[in-house]
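Reading the structure
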Amino acid sequence: MTDGWAQRKSSGKNTSTAIVSMKSQTQGTIAVNFVSAPDGAALIGGSSGQRNLDLGPVSNFGGSRAANVQVQKFAGHFVVSTRFGMSIQSGPQNATTATILAALAVPDPAFIFRLDGITLATAPQLLQSQARIGTTIIHRLEIEVPASLTEKSSQLNNAIIFQIIPN
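The structure presented is a predicted model; accordingly, all values stated were derived computationally and were not measured. (Residues numbered from 1 in each chain as written. Predicted model: local features only at pLDDT ≥ 70, side-chain atom pairs only at ≥ 80, totals over all residues. Heavy atoms only, no water.)

The next point concerns the packing of aromatic side chains. Evaluated as defined, the whole model comprises 3 aromatic pairs. Considering the side-chain rings of Phe 84 and Phe 162, the 6.3 Å spacing of their centres and the 70° angle between planes classify their relative orientation as edge-to-face. Pair noted here: Phe 84 is in strand β8 (residues 77-90) and Phe 162 is in strand β14 (residues 160-166), with a separation of 78 residues, a long-range link. For Phe 162, a relative accessible area of 19% corresponds to the buried category. Every member of this aromatic cluster is reached through a ring pair, and the members are Phe 34, Phe 84 and Phe 162. (Phe/Tyr/Trp six-rings, centres within 6.5 Å; stacked < 30°, edge-to-face > 60°. Helix = DSSP H or I, 4+ residues; strand = E, 2+ residues; numbered from the N terminus. Buried < 20%, exposed > 50% of the residue type's maximum accessible area, 1.4 Å probe, protein only.)

Have a look at this one:
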C-alpha cells in the first residue's frame, strides 16, 4: 500500500505518508524475505512476516522527508523511488537459481509501478530469470504519480505480488 500526492508550488499543506506492504513467506522449497537495502527506505514491522516499506511523506513540491527516498520531478508527474532487498533461500531441493516474477494485485490507471525499470501490470512480469539463491538481491521500486492529483484523490492501496520459481 502506498499513497502520494501532488500539489501546486504555492501550497503549504502537509504531505501524505507512503507505505508499501511486503509479506515474507515460505511455501514449498523456497523461502523469501524482504530486507532493508543500505541505500533504501527502511522496512518496518516484522514479527508476523509482514513488512512495510516506509516511503514517508512525499509530494511534488516538497519532495521526500524520508532517508533514501528520492523524488524526481518531470513535466506532468513525479517519480518516488527507493531500493529494497529480497533474500531467497532454498530448502531441501537445493536449487541454485530462481525465476522472479512480479505483478500488481489491482490495476490502477493513476499510478505507474516499476520494479528494476519494468512496468508492472496485473499479469506477472519477468524481473529476473536466473536470480542466485542464497544472496540478497537489491531491487529498485519506482512509483510514478501524476502531478494533477490532489491530496484527497491520491490515496493508493495496492500490493505487489512476487512469484519465485526455483530453476
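Now for the nonpolar core. Across soluble globular proteins, nonpolar side chains show a tendency to be buried alongside one another. Among the nonpolar cores identified, the biggest contains 35 residues, and Ile 100, Phe 113, Leu 115, Ile 160, Phe 162 and Ile 164 are the most heavily contacted of them. Listing elements by their share of this core, those giving two or more residues are β3 (30-36), β5 (50-59), β8, β9 (97-104), β10 (112-115), β12 (125-132), β13 (136-146) and β14. Considering each element in turn, this core owes the most residues, 5 residues, to β8. In this structure Phe 162 touches Phe 34, Phe 84, Met 86, Ile 100, Leu 101, Ala 102, Leu 115 and Leu 127, once residues within four positions along its chain are discounted. (Core = buried A, V, L, I, M, F, W, Y, C linked by side-chain atoms within 4.5 Å. Contact = heavy atoms within 4.5 Å.)

This brings us to the pattern of salt bridges. Throughout the structure, instances matching the rule amount to 4 salt bridges. In this structure, the salt-bridge partner of Arg 114 is Glu 142, at a minimum N-O distance of 3.0 Å. Residue Arg 114 is found in strand β10, and its partner Glu 142 is found in strand β13; the two are separated by 28 residues along the sequence. Per residue, the accessibility class of Arg 114 equals that of Glu 142, and both read buried. Ionic pairing is found between Glu 142 and Arg 140, a salt bridge with its closest N-O pair at 3.6 Å. Residue Glu 142 is classed as buried on the basis of its relative accessible area, which comes to 14%. Judged by relative accessible area, which is 22%, Arg 140 ranks as partly exposed. Among the charged side chains, a salt-bridge network with shared partners connects Arg 114, Arg 140, Glu 142 and Glu 144. (Salt bridge = Lys/Arg side-chain N within 4 Å of Asp/Glu carboxyl O.)

Within the chain, Asn 68 stands out as a residue other than glycine whose phi angle is a positive 65°. Topologically, Asn 68 is positioned in the loop between β6 (63-64) and β7 (70-74). Phi at Asp 116 takes a positive value of approximately 55°, unusual for a residue other than glycine. Within the element layout of this structure, Asp 116 appears in the loop between β10 and β11 (118-119).

Turning to the sheet that holds β14, a few remarks are in order. The sheet built from 3 strands is open, its strands ordered β12-β9-β14 with antiparallel pairing. Of all strands in the sheet, those bounded by a partner on one side alone are β12 and β14. Across the sheet, the mean angle from the axis of one strand to that of its neighbour is 20°, orientation sign disregarded. Both β9 and β14 contribute to a ladder of 7 bridges, which runs antiparallel. Among the inter-strand pairings, Leu 101 is bridged to a residue of β14, identified as Gln 163. (Pairing = 2+ DSSP bridges. Axes fitted to C-alpha atoms, helices over the stretch in contact; angles between N-to-C directions.)

With that settled, consider the pairing of β10. In this structure, β10 lies alongside β13, joined through 4 bridges in antiparallel fashion. Opposite Phe 113, over in β13, you have Ile 143 as the bridge partner. In this structure, β10 lies alongside β11, joined through 2 bridges in antiparallel fashion. For Arg 114, the partnering residue across the bridge sits in β11 and is Thr 119. In this structure, the hairpin formed by β10 and β11 is closed by a connection of 2 residues, where Asp 116 is found at a positive phi of approximately 55°.

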